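Spelled out from the first residue to the last, the chains are:
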Amino acid sequence: MHFKQHIGSKGYDSVLAALDRGAADMKRRGQPLGVRAMEVVGAALVGRHNTDPALDQMIDKLDHYIEQCVTAYRAADFAKGNLAGPASR
């Protein structure tokens, strides 16, 4: 999630809008876990741009959790036959 530290305001707004659209789409399709995932990523993005130092540790934990989820997803995708494998992305 290193991109969050370097994203500009236009990109920031664009990413948040994309997350919002993705969450709305998942909600319409009845995918509450996907909605929550979009919310977590959005919260981590917003938190990284917040200047309150009290949030730093929580945002670091959120980032770590997101990375663990991505790793688990990629491993499951690989197990389903994706020959690219989890480390190649």
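Residues numbered from 1 in each chain as written. Predicted model: local features only at pLDDT ≥ 70, side-chain atom pairs only at ≥ 80, totals over all residues. Heavy atoms only, no water.

Undergrad: How should the overall build of the chain be read in this particular structure?
TA: Broken down by element type, the chain carries 3 helices and 0 strands. Counting the 89 residues in the chain, one finds 20% classified as buried. For the chain, contacts bridging at least 24 residues in sequence account for 42% of all contacts bridging at least 6. (Helix = DSSP H or I, 4+ residues; strand = E, 2+ residues; numbered from the N terminus. Buried < 20%, exposed > 50% of the residue type's maximum accessible area, 1.4 Å probe, protein only. Contact = heavy atoms within 4.5 Å.)

Undergrad: Help me understand the pattern of salt bridges in this model?
TA: Two side chains bearing opposite charge may form a pair once their charged atoms approach each other closely. Across all of its chains, the model carries 3 salt bridges by this definition. Residue Arg-29 is joined to Asp-25 by a salt bridge in which the shortest nitrogen-to-oxygen separation is 2.9 Å. Here Glu-39 and Arg-36 are joined by a salt bridge, their closest N and O atoms 2.5 Å apart. Here Arg-36 and Glu-39 lie together in helix H2 (residues 32–48), a separation of 3 residues that amounts to about one turn. Beyond isolated ion pairs, a larger network of salt bridges with shared partners links Asp-25, Arg-28 and Arg-29. (Salt bridge = Lys/Arg side-chain N within 4 Å of Asp/Glu carboxyl O.)

Undergrad: Would you mind going over helix H3 (residues 56–79) with me for this structure?
TA: One turn of the α-helix equals 3.6 residues, which is why residues spaced by three or four share an orientation. If you check H3, its first and last C-alpha atoms are 35 Å apart, about what 24 residues at 1.5 Å a residue would give, namely 34 Å. Every buried residue belonging to H3 is among Ile-59, Leu-62, Asp-63 and Ile-66, and all of these are buried. Gly-81 lies just past H3 and shows a positive phi near 115°. (Expected span 1.5 Å × (residues − 1).)

Undergrad: Explanation requested: the environment of Glu-39 in the structure shown.
TA: By relative accessible area, which is 40% here, Glu-39 ends up partly exposed. Along the sequence, Glu-39 and Ala-23 sit 16 residues apart, while their C-alpha atoms lie 7.5 Å from each other.

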